[in-house]
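Structural overview
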Number of protein chains: 2
Amino acid sequence: MPVTKFVYDFEEPCDGGRALLGGKGIGLAEMTALGVPVPAGFTISTDACRAYQGAGKQFPAGLDEEIDEHVRTLEAHSGKRFGDPSDPLLVSVRSGAAVSMPGMMDTILNLGLNDEAAAGLATRTGNPRFAYDSYRRLIMMYGEVVEGVPPHRFEDALAGLKRTRGVTQDVDLTADDLKELVDSFKAIYEEEVGRPFAADARVQLGRAVRAVLDSWDTPRAQVYRRVNEIPDDIGTAVNIVQMVFGNKGEGSGTGVCFTRNPSTGERGLYGEFLANAQGEDVVAGIRTPEPLVRMKEALPTAYVQLLDTMERLEQHYCDMQDIEFTVEDGKLYLLQTRTAKRTAAAALKCAVDMVDEGLIAKEQAVTRIDPQQLDQLLHPTLDPSAVYEVAAKGLNASPGAARGSIVFTADRAEELGKAGQDVILVRWETTPDDIHGLIQARGVLTAHGGMTSHAAVVARGMGKPCVSGCDGLSLDERAGTVTIGTHTLREGDVITIDGGTGRVIIGHVDLVPARINQDFETILEWADELRYLRVRANADTPEDAAKAREFGAEGIGLCRTEHMFMAQDRLPVVQQMILAVTEEARRDALELLLPMQQSDFEGIFEAMAGFPVTIRLLDPPLHEFLPSLEEATSDAMRERIRSLHEANPMLGSRGCRLGLQYPEIYEMQVRAIARAAIAVEQRGNPKPLVEIMHPLVGFREELARLRALTVEVADAEGLTDYLVGTMIELPRACVRADEIAVLADFCSFGTNDLTQTTLGFSRDDAEGKFLTRYLEDGVLERNPFETLDQEGVGALMEIGIERARAVKPNLKMGICGEHGGDPASVGFCHRAGLDYVSCSPFRVPLARLAAAQAALKAQGVTAVVIGG
Amino acid sequence: MPVTKFVYDFEEPCDGGRALLGGKGIGLAEMTALGVPVPAGFTISTDACRAYQGAGKQFPAGLDEEIDEHVRTLEAHSGKRFGDPSDPLLVSVRSGAAVSMPGMMDTILNLGLNDEAAAGLATRTGNPRFAYDSYRRLIMMYGEVVEGVPPHRFEDALAGLKRTRGVTQDVDLTADDLKELVDSFKAIYEEEVGRPFAADARVQLGRAVRAVLDSWDTPRAQVYRRVNEIPDDIGTAVNIVQMVFGNKGEGSGTGVCFTRNPSTGERGLYGEFLANAQGEDVVAGIRTPEPLVRMKEALPTAYVQLLDTMERLEQHYCDMQDIEFTVEDGKLYLLQTRTAKRTAAAALKCAVDMVDEGLIAKEQAVTRIDPQQLDQLLHPTLDPSAVYEVAAKGLNASPGAARGSIVFTADRAEELGKAGQDVILVRWETTPDDIHGLIQARGVLTAHGGMTSHAAVVARGMGKPCVSGCDGLSLDERAGTVTIGTHTLREGDVITIDGGTGRVIIGHVDLVPARINQDFETILEWADELRYLRVRANADTPEDAAKAREFGAEGIGLCRTEHMFMAQDRLPVVQQMILAVTEEARRDALELLLPMQQSDFEGIFEAMAGFPVTIRLLDPPLHEFLPSLEEATSDAMRERIRSLHEANPMLGSRGCRLGLQYPEIYEMQVRAIARAAIAVEQRGNPKPLVEIMHPLVGFREELARLRALTVEVADAEGLTDYLVGTMIELPRACVRADEIAVLADFCSFGTNDLTQTTLGFSRDDAEGKFLTRYLEDGVLERNPFETLDQEGVGALMEIGIERARAVKPNLKMGICGEHGGDPASVGFCHRAGLDYVSCSPFRVPLARLAAAQAALKAQGVTAVVIGG
């Protein structure tokens, strides 16, 4: 019976690929096959891991012998021997599964050292400090991962020694200090483990391999696999690699380099080099590395070989590489190559250039870009090179950075903003009364309010930076001051806010402007060719609509009409309507609002030039249009505020419940829409594609009545070819989607509210409170308001889609929540068979890209990632 | 080709049954077959209706001829003729589908009258007033239902005549007045219809039949069928019945009777009789009827015949009958027999007696009782014979009636209550601070708050009457008065409240006490033999637990621990715990609460004597235990109240989110439960069956952590054989029930919260507001908080049950919401395959009965209803 082969030299051909050799092993084998110089070594395959686990954690027959044989080959190949006191063979042991998996043992370096070998290494390198530092690290790493010695025991000994020596940094310890530390570590090891540190390199290796295989089955690793849906039986490989040293003299050195510029994506030399040094030295900050080009003089042969290798690796992997290398006695070794992390701009340029160079196809270029990362290009951001101190942090309520003089009232913001000043509006919280100030401010900062507070929602709609819920902020209105962290400021003082991170900074910080450059455009054009999912924008004003078109939106998926009610000149009329005690008085106020709404819609229809526009009728509870009880100006208003008060307004009189209670409001809105559409067409514009959407429908009968109302009014006005649809934003609407679909020309999932009701999470109360705690504690992996909860909310959406399409197979269905701009959620929408996503204008480019990636993924085209 | 037969004489045998003859037709035919004297007549079958509708509203071939033939038979049989001026044949025309269906034309009486016939009838009966009243009614009914004349035209004419005559009642008009009115009605008819009133009886009949057939297809009837899921093609039958007259002299008369006493269920004569009178006279209140026994003297033959008929009908229908009869010239005619409406007590007695008499089986007895109706036996109620004026109405928040002196504070309620006075606590709203007052009060009345307000929930738990959200109530605390409707009262004034209807009455109204008599017990025992669904109670105190056992609960399905926190002596400690700024301080406060909780649980375990007890760990948001901001007594408290404030507390930091944020709270509760269970068993009681339930779980990971916490604490205390489970009260938990079930020993649907989240209805904000409007407007048929929304919430439950049982086929699943005591919802729970329902102790008997009915229904045994 042939014995299974478990171990493969990096040089050995092997058909098992990544599944058999793991990510690290396949990388080293591939580089070896390419003729790229890597240290010698071998991989214990995942077959061994499976056999080990299957046999109750026993090495399978033959594995010990195979390892011995490969160690002998390694010794022969390197001319060094395990435990040799003059020039010992040292190796690293690393785990490496087919997918990157934190939770497993990672690395033990310097395996093969013992007292004699350390002394030999000290002599050989002329660097006893290095030798004993390596040795004490081995004892610590080995003790911790192989024998389970509590790491604090070693750390305490190290800290004690530093106290005794009166130094604060590890690097201030001498070689003798470290030699002493080795003795302390050995004593700790023996005390904890019950036997001395194993001097025999082969014993060290055997136990280290066993530790890697055991680490596959730790609870942490099991949990990680469960969460990430990684099968338990793929197993991990173990890589044994010869250590090489760049600190053997002037013919040695170490460095890192990129095959292209990771900031800009441009071709050219980009890297750093340090002669006669070990990678450790760079990390420890002992010496400052020099530009890569200096290697040309110091190590000309290795330099040329490196350039050649960089070219080969990029050609092989078809992507920008991030390379670590060491030169030992003039000989180049690549320690690692991996796909290089890069800025958004560099990612775009690389992808476009590589298509031009014929290295990759458009499909691959499109899959390579992380849509989330593009967000940094779509808003002004803090200059990454700027140095500043963060005075306070709040919620990252609306992305982008802004700076300006602070003002405390909307009136003042309007006054100074119109005068051309950059102002930041600072408030406890904002209300609809502040809208004129928000329009003129560069950004807004509030002490209260969550991600869906008034300030946050309005700012996101305007694409304007907002930091909300900033705990470190306190206003003293009488004194006319604000305290931010420890600073007290007055009107006119300058601050900078970063709505992408929630940071608040006192004073002026340089900003980098937003840009959609040619590379970006090119990638988006390719994405448009590849995607099936349509991308619309959420836009409430002609300005937003224009911006949406600019970013490539194919229509408006959500036009919220309530923001139109909040403008300063309208709010009094809206309030008059709400305070009306008779239907007639309400109709009088609505009569005044009608021409205003009509003109809003005309502007939006013109901007969208024949693309579809989905208009949602009034949704929020009426009390949102009234001031607080304290600010009410009449008894009637106070009375109405009291009567409209709700314990849980999220689940109260809003959405279509309003429309059924006050049909005259929806009638006015439908009339305004119809008149606007007709007027726009009559002025010679393309005929508006009108889609009227009823919010918060849960029962068939609600939509039946509102559809009848809509059709009656629209037909009476002479509107033709419009659609009447509904949002699906309640769990009930999902399970009854069949009977709702019968009455709807389209359905749009409102995933913001659907998330709130499905999970029972009030967004206002969750973020910054229990949800934040859940994310910190790992109860949840992701914020369900940012990335769709596919397993919960998504499962309900799938039920809704299935039931609706069962009665109307071609029903147009989409999503209009903030999830519409989240790449992972866009992927879900594609798989679920939706027709379109709708998101804020600034996220339309991301959604276009994510939609293309989802389509490609369905065809099996995904970004290739190596290493990890 | 044989022509279809469309018309059946009452005497004719017919295989088509109810489907062919309709409910009324089959009743008349059956009575005829039994030899019970009914007026002659015939039925036009539902086949005719289908043919008529199918042919575009044309009489099918042969129908006209068949009707003519049967009219001739009727004339021959009665010896009267249509339109005969001396003694005309008069008939009624009535629609009658297989199921009772409002929305269709009902009845036209006196068909066959014209000027000559009316004069003849006047002579014949010696009662011209009756003749002309009958005639004017015919014109009015016929004009309205056959020709669509607006009824107000006739009503205006009648009102005008009364004004002219200076009378207010119809009965004050003389025969001449009515004759004049006939002329006016004929003029109106001609003006509206464009032709004179049809004098020909056959024409009248033909058009009336057509009108019945047309009424099958009116929008109102269509809507009714859609809502009630009645097929469109069952059609209606049309019954033509000879009119008989009880006012032809002393040998005639009219009456109603019951085969048993509809108030008590006892056998015996129960009915009323009026000699020489028509049914109309009784309705119009012209004369007061006499006891049935008086008929024995007046009409001895008919009387004996009636007694015999009553016996025969009861034997035939096996149920108590409500009979209308007329005696014309000594001859008895039954006009109608139908299942008699009865009180709950009568229903129970009848059912038990009829089983004893061998008339019905136990299964039928059990199906006969309306569980909802039993509620009236389980609480004191207003004496049905009492006369009173309702001063104001609020929500029927907790059933039962109570009366007493009003008090305005909990302290005063406690003081006077302990002194033995009956008091009603009247408040704007109640808070946990009022609990000691609620305990001593007979009932509670609040101006604010919905069906789940503090007052409502606590009162329902205590089985105490509560009227909440009473708009007509206003307190003036400074003056020490309350205004109820138009009355202003002071402390000590007596009021009566009816929590079953929401009525508030000034002064003393007699009450009828609650009772479970022997008949009730018997029916419940039978129900217990027949049902599969277990019935548990929601109970939070030893007293409630004892009450639950008394009513037959087989365990506690929901023991809410928060009410234990609200007692006056505990609230300060609870508040101390909430205000604690460190975990340690919180643990100190919890240490004080532990023995209190333990003693609560000991009492409950003892009361349940080995029946299972499901204890839900702390659920409500912490701010519910703090006073209002205005009433806070320290800055720290104010600060904490502010920080705990939530925009939508229903969707905030509550349920297991609390347990994960403050694990020490749940640890204390589990410890108290474990110690209580062990102590109770050690005292020699049956071993408590402990089920620990975690509320508001939406994610597997929440339950995983809380299960671990529970097991750790319970095991450390030495508790054995306990279960750990969860509520399913979020839509997410339903769709992820599979992975939640893996970690749960039982799951209990919390349908109150599941309804709120699935529908997006905050109960506090919906009831009395938009939900009330929806119910009034017919957008919804039923209040989903009272009767489970089977199509929405139920659909999600079905998904949850299916997914959970897919991974754990025998998982114990139940429901613990108020729906657990609603008969229709109990039926759903049976069909959905739940193991148990849990409801308030007072509804346990209803649930036991409803569970048996559901089981019987599944076997095809349902209550038989005739007539309708």
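This paragraph deals with the interface of chain A and chain B. With 50 residues of chain A at the contact, the number on the chain B side is 50 residues. Area buried by chain A at its contact with chain B is led by A:Asn648, A:Leu651 and A:Arg732, which between them contribute 14% of it. Seen at the junction of chain A and chain B, the total is six salt bridges. Among the ionic pairs, A:Glu791 bridges to B:Arg736, the shortest N-O distance being 4.0 Å. The interface formed by chain A and chain B holds 32 residue pairs in polar contact (both at pLDDT 80 or more) in total.

A separate point is the sheet that holds strand β19 (residues 481–484) of chain A. All names here are of chain A. Read across the open sheet, the three strands follow the order β18-β19-β20; overall the sheet is antiparallel. Bordering the open sheet on either side are β18 (473–476) and β20 (487–490), each of which pairs with just one other strand. Between one strand axis and the next, the sheet turns by 25° as a mean value, whatever way the strands run. With four bridges connecting them, β18 and β19 associate as antiparallel partners. Among the inter-strand pairings, aspartate 476 is bridged to a residue of β19, identified as threonine 481.

Here the focus is the sheet that holds strand β6 (residues 107–111) of chain B. Residue and element names in this part refer to chain B. Pairing in this open sheet of five strands is antiparallel, and the strands run β1-β2-β7-β5-β6 from one edge to the other. Across the chains shown, the open sheet's two edge strands, defined by having one partner strand only, are β1 (7–9) and β6. In this sheet, neighbouring strand axes are inclined to one another by 20° on average, regardless of whether the strands run parallel or antiparallel. The sheet contact formed by strand β5 (residues 91–97) and β6 spans three bridges and is antiparallel. Bridge pairing in β6 places valine 91 opposite leucine 111.

Residues and elements named next belong to chain A. With a phi angle near 65°, lysine 57 is a residue other than glycine that sits in the positive phi range. The class of lysine 57 is partly exposed, set by a relative accessible area of 31%. Even without being a glycine, asparagine 110 presents a positive backbone phi close to 65°. As for its position among the elements, asparagine 110 is in strand β4 (residues 107–111). Of the residues examined, asparagine 110 reaches a relative accessible area of 5% and is grouped as buried.

Here we come to the nonpolar core. Ranked by size, the top nonpolar core spans 274 residues in total, and within it A:Phe605, A:Phe749, B:Phe605 and B:Phe749 carry the most contacts. Contacts of B:Phe605, omitting those with residues within four sequence positions, involve B:Gly610, B:Val613, B:Ile615, B:Ile673, B:Ala676, B:Ala677, B:Val680, B:Pro688 and B:Val690.

Now for the packing of helix α23 (residues 583–608) of chain B against helix α26 (residues 663–682) of chain B. Residue and element names in this part refer to chain B. Contact geometry for α23 and α26: axes closest at 7 Å, N-to-C directions at 35°. Along this stretch, α23 crosses α26, giving a crossing that reads as right-handed. Across the contact of α23 with α26, the residue classes tally to 13 nonpolar, three polar and nine charged.

As a further point, take the packing of aromatic side chains. Think of a pair of aromatic rings as described by two things: how far the centres are apart, and how the planes are tilted against each other in angle. All names here are of chain A. Within this structure, the stated rule accounts for 30 aromatic pairs over all chains. With 5.8 Å between their ring centres and 70° between their planes, phenylalanine 258 and tyrosine 270 make a pair best called edge-to-face. One end of the pair, phenylalanine 258, is in strand β6 (residues 253–260); the other, tyrosine 270, is in strand β7 (residues 267–275), with 12 residues separating them in the sequence. Members of the aromatic cluster, joined through ring pairs, are Tyr135, Tyr142, Tyr189 and Phe197. Across the ring face of phenylalanine 59, the terminal group of arginine 210 is positioned such that the distance to the ring centre comes to 4.5 Å.

Turning our eyes to something else, we now look at the state of the cysteines. Under the criterion given, the structure shown has zero disulfides over all chains. Left unpaired, A:Cys656 is separated from the closest cysteine sulfur, that of A:Cys747, by 13 Å. With no disulfide of its own, B:Cys14 lies closest to B:Cys49 among cysteine sulfurs, the gap being 16 Å. Overall, the relative accessible area of 24% leaves B:Cys14 in the partly exposed class.

Let us look at the pairing of strand β8 (residues 253–260) of chain B. Residues and elements named next belong to chain B. Burial within β8 is extensive, with seven of its eight residues counted as buried. Judged from the seven bridges that link them, β8 and strand β9 (residues 267–275) form a sheet pairing that is antiparallel. Paired with threonine 254 across the two strands is leucine 274, which belongs to β9. The loop that links β8 with its antiparallel partner β9 comprises six residues; one of these, glycine 265, has a positive phi angle of about 85°.

Our next topic: the relation of the copies chain A and chain B. The transform that puts chain A on chain B rotates by 179° and translates by 0.1 Å along the axis, for an RMSD of 0.4 Å. Taken together, these values place the two copies in the relation of a two-fold axis. Relative to the rotation axis, the C-alpha of A:Asn648 is the closest in chain A, positioned 2.0 Å from it. A share of 100% of interface residues in chain A that are also interface residues in chain B marks the association as one of identical surfaces.

Because each turn of an α-helix spans 3.6 residues, side chains separated by three or four positions end up pointing in the same direction. Residues and elements named next belong to chain A. Here helix α23 (residues 583–608) spans 35 Å end to end across 26 residues, near enough to the 38 Å set by a 1.5 Å rise per residue. At leucine 593, α23 is deflected by roughly 30°, the largest bend along its length, and proline proline 595 occurs up to four residues later in sequence. Positive backbone phi, at 40°, marks alanine 609, one or two positions downstream of α23.

The rules we used
- Position numbers for residues count from 1 along each chain, tracking the sequence in the order it is written.
- Labels follow written order: the first chain is A, the first ligand is 1, and so on.
- Local features in this predicted model are restricted to residues whose pLDDT is 70 or higher, and side-chain atom pairs enter the listing and the counts only when it is 80 or higher, whereas totals over whole chains, interfaces and linings include all residues.
- Remark: hydrogens and water are excluded; side-chain values derive from all non-hydrogen atoms of the structure.
- Pairs of residues are marked as contacts when any of their non-hydrogen atoms sit within 4.5 Å.
- The term buried area denotes the loss of accessible surface (1.4 Å probe radius) that occurs when two parts are joined, taken as the sum for both partners.
- The term salt bridge refers to a side-chain nitrogen of Lys or Arg lying within 4 Å of a carboxyl oxygen of Asp or Glu.
- Polar contact is defined as a pair of N or O atoms within 3.5 Å, subject to the rule that within protein one atom must be able to donate a hydrogen and the other to accept it, and that residues adjacent in sequence are counted only when both atoms are side-chain atoms.
- The pairing criterion for strands is at least two bridges between them, as found by DSSP.
- Runs of H or I in DSSP of at least four residues are treated as helices and runs of E of at least two as strands, each being numbered from the N terminus.
- Only the stretch in contact is used when fitting a helix axis, every axis being a line fitted to C-alpha atoms; angles between N-to-C directions are given from 0 to 180 degrees.
- Remark: exposure states derive from per-residue accessible area (1.4 Å probe, protein chains only) relative to the maximum for the residue type, with buried under 20%, exposed over 50%, and partly exposed in between.
- What makes a nonpolar core is a set of buried Ala, Val, Leu, Ile, Met, Phe, Trp, Tyr and Cys residues whose side-chain atoms join them at distances within 4.5 Å.
- Helix crossings fall into two classes, left-handed where the near helix is turned counterclockwise from the far one by less than a right angle and right-handed where it is turned clockwise.
- All amino acids are sorted into three groups, where Ala, Val, Leu, Ile, Met, Phe, Trp, Tyr, Cys and Pro are nonpolar, Asp, Glu, Lys and Arg are charged, and the leftover types, Gly among them, are polar.
- Stacked, tilted and edge-to-face are the three classes assigned to paired rings of Phe, Tyr and Trp, where Trp is represented by its six-membered ring and a pair needs centres within 6.5 Å; plane angles under 30 degrees give stacked, over 60 edge-to-face, the rest tilted.
- Put simply, a charge is over a ring when the Lys NZ or the Arg CZ is close to the ring centre, within 6 Å, and near the line of the ring normal, within 35 degrees.
- The definition used for a disulfide is geometric: two cysteine sulfur atoms within 2.5 Å.
- The superposition of copies rests on a least-squares fit of C-alpha positions from residues with pLDDT of 70 or more in both.
- A helix is expected to span 1.5 Å multiplied by its residue count minus one.
- Fitting axes to the seven residues ending at a residue and to the seven starting there, one defines the bend at that residue as the angle between these axes.

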